[in-house]
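Results of the structural survey
Spelled out, the chains give:
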Amino acid sequence: MLTTSTTRVLEPGDLDAALAVLDREPVANAFVASRVQVAGLDPWRLGGEMWGWYADGQLRSLCYSGANLVPVCATPAAVRAFADRARRAGRRCSSIVGPAEATSVLWSLLEPHWGPAREVRSRQPLMVTDRPSAEIAPDPLVRRVRKDEMDVIMPACVAMFTEEVGISPLAGDGGLLYQARVAELVGTGRSFARIENGRVVFKAEIGAATTRACQIQGVWVAPEFRGRGLSETGMAAVLRHALTDVAPVVSLYVNDFNTAARASYRRVGFRETGAFMSVLF
């Protein structure tokens, strides 16, 4: 049988078809799905283009091309097509991130043209739960960050980002985009912290949210408070809020070398179900 395939930038009229693809893997696709559900497919509102790969006239795979390059439900043929489009367009993203298998192939095709990367995190376990653990009691002092506490939460967010990514989010534009993102999470009630004497002791955010799944990110404990179990009780509190108010399934992904964090998340109730990969520039 003769088959045909093609890749193109999706338009607002393709929204239903794109959402159907995203809905095939609601946990793994939570980041992209949350953006599309809010912004649609208009590049200006979405913050990037959505590429679609078609086979026999049907939309099969997606790739979000913005600040991140993210393959979505990408078949091997789709990955090759997305890599070719990305190579021709030139690198515009600060990272490639997504399910490990597709992202690994995508990077192998792009590395000769885009490399070297600043860092490659080849395996980041995806952890998921739909229920809190009875083993860890939620920290009663962890609460939503108020809008008037931006000056309190920002230093902790900058410290977390710098520690995790290796560069400051204040570089380049002076942190305007990063501050806007933090303000968005605070404004939508998805930023949580334990604050003592005007300082953040623990923090985390629900960075992506759909009706089917949400993703926790930015987990951080102030250095002088580490080793006291605050990450576990704090995460238990955020997890309670997420399951009660946001979505029936909660996920996160963590570096495979961070064995202490993985063990803590397991005690809170998460289990490993897959893996992501990140390429940082």
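Up top you'll find the structure we're talking about.
Report on the accompanying structure. Per chain, the residues get numbers from 1 upward, laid out in the order the sequence is written. For a predicted model such as this one, the threshold for reporting local features is a pLDDT of at least 70, and the threshold for listing and counting side-chain atom pairs is 80 or more; totals across whole chains, interfaces and linings nevertheless cover every residue. As a rule here, side-chain values come from all non-hydrogen atoms in the structure, and water together with hydrogens is ignored.

Moving on, we come to the environment of Pro99. Numbered from the N terminus, helices here are DSSP runs of H or I no shorter than four residues, and strands are runs of E no shorter than two. As for its position among the elements, Pro99 is in strand S5 (residues 95-99). Contact between two residues is taken to exist if any of their heavy atoms lie within 4.5 Å; hydrogens are not considered. The contact partners of Pro99, leaving out residues within four places of it in the chain, are Pro71, Ala275 and Phe276.

This next bit is on the pairing of strand S6 (residues 119-129). Relative to strand S12 (residues 271-280), S6 runs antiparallel, the two sharing eight bridges. Paired with Met127 across the strands is Glu272, a residue of S12. Strand pairing requires that DSSP identify at least two bridges connecting the strands. Pairing between S6 and strand S11 (residues 250-253): four bridges, direction antiparallel. Bridged to Leu126 within S11 is Tyr253.

Our next topic: the pairing of strand S3 (residues 58-65). Per-residue accessibility, obtained with a 1.4 Å probe over protein chains only, is compared with the maximum for each type, and a residue is labelled buried under 20%, exposed over 50%, and partly exposed between these values. Of all eight residues making up S3, six are buried, and the element is well covered by its neighbours. The pairing of strand S2 (residues 49-55) with S3 spans seven bridges and is classified as antiparallel. Its bridge partner lying in S3, Trp51 is registered against Cys63. Between S2 and S3, which follow one another and run antiparallel, lie two residues, and Asp56 among them has a positive phi close to 55 degrees. Sheet topology places S3 next to strand S4 (residues 68-72); four bridges connect them, and they run antiparallel. Across the sheet, the residue bridging to Leu62 is Val72, located in S4. The antiparallel hairpin formed by S3 and S4 contains two residues in its connecting segment.

A separate point is the sheet that holds strand S7 (residues 143-144). In spatial order, the strands read S1-S2-S3-S4-S5-S12-S6-S11-S10-S9-S8-S7; together these 12 strands make up an open sheet with mixed pairing. Two strands bound the open sheet, and with one partner strand each, they are strand S1 (5-9) and S7. One ladder, built from two bridges, connects S4 with S5; its direction is parallel. Residue Asn68 lies in a different strand from S5, and its bridge partner there is Ser95. Axis lines are fitted through C-alpha atoms, for helices just across the contact stretch, and the angle between N-to-C directions can take any value from 0 to 180 degrees. Contacts between helix H1 (residues 15-22) and the sheet are confined to S3 and S4, with S3 contributing the most and set at about 85 degrees to the helix.

Let's shift gears to the nonpolar core. Grouped together as the largest cluster of nonpolar side chains are 43 residues, with contacts concentrated most on Ile153, Val182, Met235, Val238, Val250, Tyr265 and Phe270. Where this core is concerned, the elements lending two or more residues are helix H6 (150-165), helix H7 (176-187), strand S8 (191-196), strand S9 (199-209), strand S10 (214-221), helix H8 (230-245), S11 and helix H9 (259-268). Looking at this core element by element, the count peaks at eight residues for H8. Apart from the residues lying within four places of it in its own chain, the contact partners of Phe270 are Met127, Val128, Thr129, Ile216, Met235, Leu239, Val250, Ser251, Leu252 and Tyr265. As used in this record, nonpolar core signifies buried Ala, Val, Leu, Ile, Met, Phe, Trp, Tyr and Cys residues forming a set joined through side-chain atoms within 4.5 Å.

A pair is scored as a salt bridge if a Lys or Arg side-chain nitrogen falls within 4 Å of a carboxyl oxygen belonging to Asp or Glu. Summed over the entire model, instances satisfying the criterion amount to 20 salt bridges. Here Glu119 and Arg121 are joined by a salt bridge, their closest N and O atoms 3.0 Å apart. Judged by its relative accessible area of 10%, Arg121 is buried. Glu272 serves as the salt-bridge partner of Arg266, at 3.3 Å between the closest nitrogen and oxygen. By relative accessible area, which is 43% here, Arg266 ends up partly exposed. On the basis of relative accessibility, which here comes to 30%, the residue Glu272 falls in the partly exposed class.

Before going further, it helps to examine the packing of H6 against H7. Two elements in contact, H6 and H7, have axes whose closest approach is 11 Å; the angle formed by their N-to-C orientations is 120 degrees. With respect to H7, the axis of H6 lies oblique. Both H6 and H7 take part in a crossing whose hand is right-handed. Along its contact with H6, which presents Met150, Ile153, Met154, Cys157, Val158, Met160 and Phe161, the element H7 presents Tyr178, Gln179, Val182, Ala183 and Val186. When residues are sorted by character, Ala, Val, Leu, Ile, Met, Phe, Trp, Tyr, Cys and Pro go into the nonpolar class, Asp, Glu, Lys and Arg into the charged class, and all the rest, Gly among them, into the polar class. A per-class count over the contact of H6 with H7 returns 11 nonpolar, one polar and no charged. Any angle between 65 and 115 degrees counts as roughly perpendicular, while under 35 counts as roughly parallel, over 145 as roughly antiparallel, and the rest as oblique. Left-handed describes a crossing in which the near helix is turned anticlockwise from the far one by less than a right angle; the clockwise case is right-handed.

In this chain, Gly115 is followed by Pro116 through a cis amide linkage whose omega measures -5 degrees. Positionally, Pro116 belongs in the loop between helix H5 (100-114) and S6. Despite not being glycine, Asn197 shows a phi value in the positive range, around 50 degrees. Its location among the elements puts Asn197 in the loop between S8 and S9. The exposed category is assigned to Asn197, whose relative accessible area is 82%.

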